[in-house]
Every structure is written in structure tokens, then in C-alpha cells.
Amino acid sequence: MLETLEQRENAMRDVLRKIESKTDFKEFSDNEKKLAKECYDAKLFEGVVLEQMVSGRIIAEYRHEPRLTLKGVQFIQAKKNQKLQAKKLAEEHANEETERKKDRKYQLLAAVFSGIAASLLALFIQYFDEIISVVFALIQKLR
């Protein structure tokens, strides 16, 4: 017996793949037949009519070559899409983490350079008079 919804859906996908590959219904296990009946009731495939007898036995009557409906194909591909979305989210998260690390480095560098620039500006302002007098003295010597 299938315990979780995910296990049940995976088993239903396996049954649909068997139907898609044209596996004879006689080769299905009892559990697969029950799942095939659920898939049939959900209109995930066509070409085979499945009926459940009063005894619980499921029989198949082939009308034409079995094939998946669009809904069946989408059901099979839903798992692939979920995996792709999960992979994409993981990549985005990794990229965001890398960007955050880069941002932290640039923020640290900006803070250090801002501190250095502020210190140099403070020194320049504090010793402005002396700097001007040294510059004038150099200009006088060069003339």
C-alpha cells in the first residue's frame, strides 16, 4: 500500500508510462490496475475502458490504441517541472548568497575607504594654515 501522496502520484506516473509504452493490461499488478482505474476515472488516458466488477476485479476493454490525454501528459510532466523549479530556486538562493557575500565585502571596503578619506580630510582641515604656508614657501623658492 502506498503511504504518502507523493508515493501514490509516482506510482500513478509509472502506470501512465506503462500505458504510454503500450504494456498489456494483463501484465499489471493488482495495485497497478487500481491505480490505472483511478487514472482512467481522472481521464488521464483514453483508448481503454476500465471497469471494476462487483468482486473488485478490474477489467480492461481496448477500444483503440491507448494513449495519454493532454491532462495525463501534464500529470507526468508535473514532477519534472517541480524538480526544475526546485533546482532553479536552489540556484537562485545560491546566487543570492554569493551576491550578499560580495555586497558585504564592498560595504566593508567602502567603510574603510570612507574612514580613511574622512581622516585625511580632518587632518587637511586641521593643518590647512600650515599646508598653505608650506605651499607658498615652495612657490617662493621656485621663483
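Residues numbered from 1 in each chain as written. Predicted model: local features only at pLDDT ≥ 70, side-chain atom pairs only at ≥ 80, totals over all residues. Heavy atoms only, no water.

Draft legend 1. Main features of empty space enclosed by the protein. Evaluated as defined, the whole model comprises 1 cavity of 30 Å³ or more. Here the largest cavity defines a volume of roughly 70 Å³. In this structure, the largest cavity is lined by Ile19, Thr23, Phe25, Phe28, Ala36, Phe45, Val48, Leu50, Tyr62 and Pro66. Looking at the lining of the largest cavity, the elements with two or more residues in it are strand 1 (45-52) and strand 2 (58-68). With 3 residues, the top contributor of residues to the lining of the largest cavity is strand 1. Broken down by class, the residue content of the lining of the largest cavity amounts to 9 nonpolar, 1 polar and no charged. (1 Å grid on protein atoms, 1.4 Å probe; cavity = no way out; pocket = protein on both sides within 12 Å on 5 of 7 lines; lining within 4 Å. Points joined across faces, edges and corners; volume = space filled by probe spheres on them. Helix = DSSP H or I, 4+ residues; strand = E, 2+ residues; numbered from the N terminus. Nonpolar A, V, L, I, M, F, W, Y, C, P; charged D, E, K, R; others polar.)

Draft legend 2. Summary view of the packing of aromatic side chains. This model, assessed by the stated rule, comprises 3 aromatic pairs. Measuring from centroid to centroid gives 6.1 Å for Tyr40 and Phe45, while their planes differ by 50°, and the two rings are tilted. Above the face of the Phe75 ring, Arg13 is positioned so that its terminal group lies 4.6 Å from the ring centre. (Phe/Tyr/Trp six-rings, centres within 6.5 Å; stacked < 30°, edge-to-face > 60°. Lys NZ or Arg CZ within 6 Å of the ring centre and 35° of its normal.)

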